[in-house]
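# Understanding the architecture of this molecule
Each chain, written out:
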Amino acid sequence: MSRLVPGMLLAIALLACGKQEAPAPEPPPVYVERATAHDLVDRIDATGQLLAKAEAVVAAQVGGQITGVRIDEGGAAVAGAVVIEIDPERRELELSNAAARVVQAEAQLDEARREWTRIEQLHARGAASQSQLDEAHTKLELARSRLVAEQAQHGLARRALGDASVAAPFTGLVARRYVNAGEYVQPGARLFHLVALDPVELEFFLSEVDSSRVAVGQEVEVRVSSHPEEVFRAEVSVVSPTIDSQTRTRRVKAVLPNPEG
């Protein structure tokens, strides 16, 4: 009886295994679906602030007592509407006085002109000296200068009368009033703060890369903390042509309609 070597059994077993073929893999499933077009929104998020479209602190142009408050704080004022009066009655009296002085100066000029004509005729006949003629001419020039000065004062008085009724320079809301009726104010004193809130402006800053994708006329979706569930729509109105050298950002402004104030 012959004996088998253990190493031979292993070789035979390996040889037998090498002759077996592996099963072919199953092909992956293929799914077919009709292609459809979709809009891709390139969204840029930024934090900004709402600004009044127009804002001004209106100051007094003339001094005097506050005699009337036509529109109080929170009230709406159309452009040209009188908000505060600074003793316009006194300004009317000053204007009338200035007008009377103009009439008086005109009469003095006519008198000086007639006197100069009379002396000139006498001088031509040898009945008046050169010094008399020169004196008459000097009086005539002084009368002319006096009339010009009085006319200037009359114009200032007329301007002061207009400035005594302080009007809104644009349509807006009186956000704050700094004076009360009866107070005496000096020229330059603050009277009221006027803001225009329709429309309002949205100001925000974008990085240099993102700002290149923003242009005037594009729509902006705006959310404010006081109305978290509501989306307002604004339109880009300004894209700054320069970039801040420190922050590398560009300032952008958008106009937001605000009819409800």
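Residues numbered from 1 in each chain as written. Predicted model: local features only at pLDDT ≥ 70, side-chain atom pairs only at ≥ 80, totals over all residues. Heavy atoms only, no water.

Tracing the backbone through its elements, the reader meets Asp-87 in the loop between strand E4 (82-86) and helix H2 (88-124). An unpaired buried charge is present at Asp-87: no salt bridge exists, and Arg-90, the closest side chain of opposite charge, is 5.0 Å distant. Dropping the residues within four chain positions of it, Asp-87 is found in contact with Gln-65 and Thr-67. (Helix = DSSP H or I, 4+ residues; strand = E, 2+ residues; numbered from the N terminus. Buried < 20%, exposed > 50% of the residue type's maximum accessible area, 1.4 Å probe, protein only. Lys, Arg positive; Asp, Glu negative; His and termini not counted. Salt bridge = Lys/Arg side-chain N within 4 Å of Asp/Glu carboxyl O. Contact = heavy atoms within 4.5 Å.)

Following both chains from N to C, one finds H2 and helix H3 (residues 130-164) inclined at 165°, their axes separated by 8 Å at the closest point. Taken together, the axis directions place H2 and H3 in an arrangement best described as roughly antiparallel. Seen from above, H2 lies across H3 with left-handed handedness. Residues of the contact of H2 with H3, tallied by class, amount to 19 nonpolar, 8 polar and 13 charged. (Axes fitted to C-alpha atoms, helices over the stretch in contact; angles between N-to-C directions. Parallel < 35°, antiparallel > 145°, perpendicular 65-115°, else oblique. Left-handed = near helix turned anticlockwise from the far one by under 90°. Nonpolar A, V, L, I, M, F, W, Y, C, P; charged D, E, K, R; others polar.)

On to the pairing of strand E8 (residues 190-207), then. In this sheet, E8 lies alongside strand E1 (residues 48-59) in antiparallel orientation, the contact comprising 11 bridges. By the bridge assignment, Ala-54 is partnered in E8 with Ala-196. Relative to E8, strand E6 (residues 172-177) runs antiparallel, the two being bridged by 4 bridges. The partner of Arg-176 across the bridge, within E8, is His-193. As judged from the 8 bridges shared by E8 and strand E11 (residues 249-256), these two strands associate in the antiparallel manner. Opposite Val-200, over in E11, you have Leu-256 as the bridge partner. (Pairing = 2+ DSSP bridges.)

Let us look at the environment of Gly-155. The topology assignment puts Gly-155 in helix H3. Taking the C-alpha atoms as reference points, Gly-155 and Ala-99, separated by 56 residues in sequence, lie 9.2 Å from one another.

A separate point is H2. Look at H2: 54 Å from first C-alpha to last across 37 residues, which is about the 54 Å you get at 1.5 Å a residue. Taken together, the buried positions of H2 are Pro-88, Arg-91, Leu-95, Ala-98, Val-102, Ala-105, Leu-109, Ala-112, Ile-119 and Leu-122. Looking at the buried residues of H2, the elements they touch are strand E2 (64-69), E4, H3 and strand E5 (165-167). Taken from the residues just after H2, Gly-126 is the one with a positive phi, measuring 85°. (Expected span 1.5 Å × (residues − 1).)

In this section: the packing of aromatic side chains. If you walk through the whole model with that rule in mind, you get 0 aromatic pairs. Sitting above the plane of the Tyr-178 ring, Arg-190 keeps its charged end 4.2 Å from the centroid. (Phe/Tyr/Trp six-rings, centres within 6.5 Å; stacked < 30°, edge-to-face > 60°. Lys NZ or Arg CZ within 6 Å of the ring centre and 35° of its normal.)

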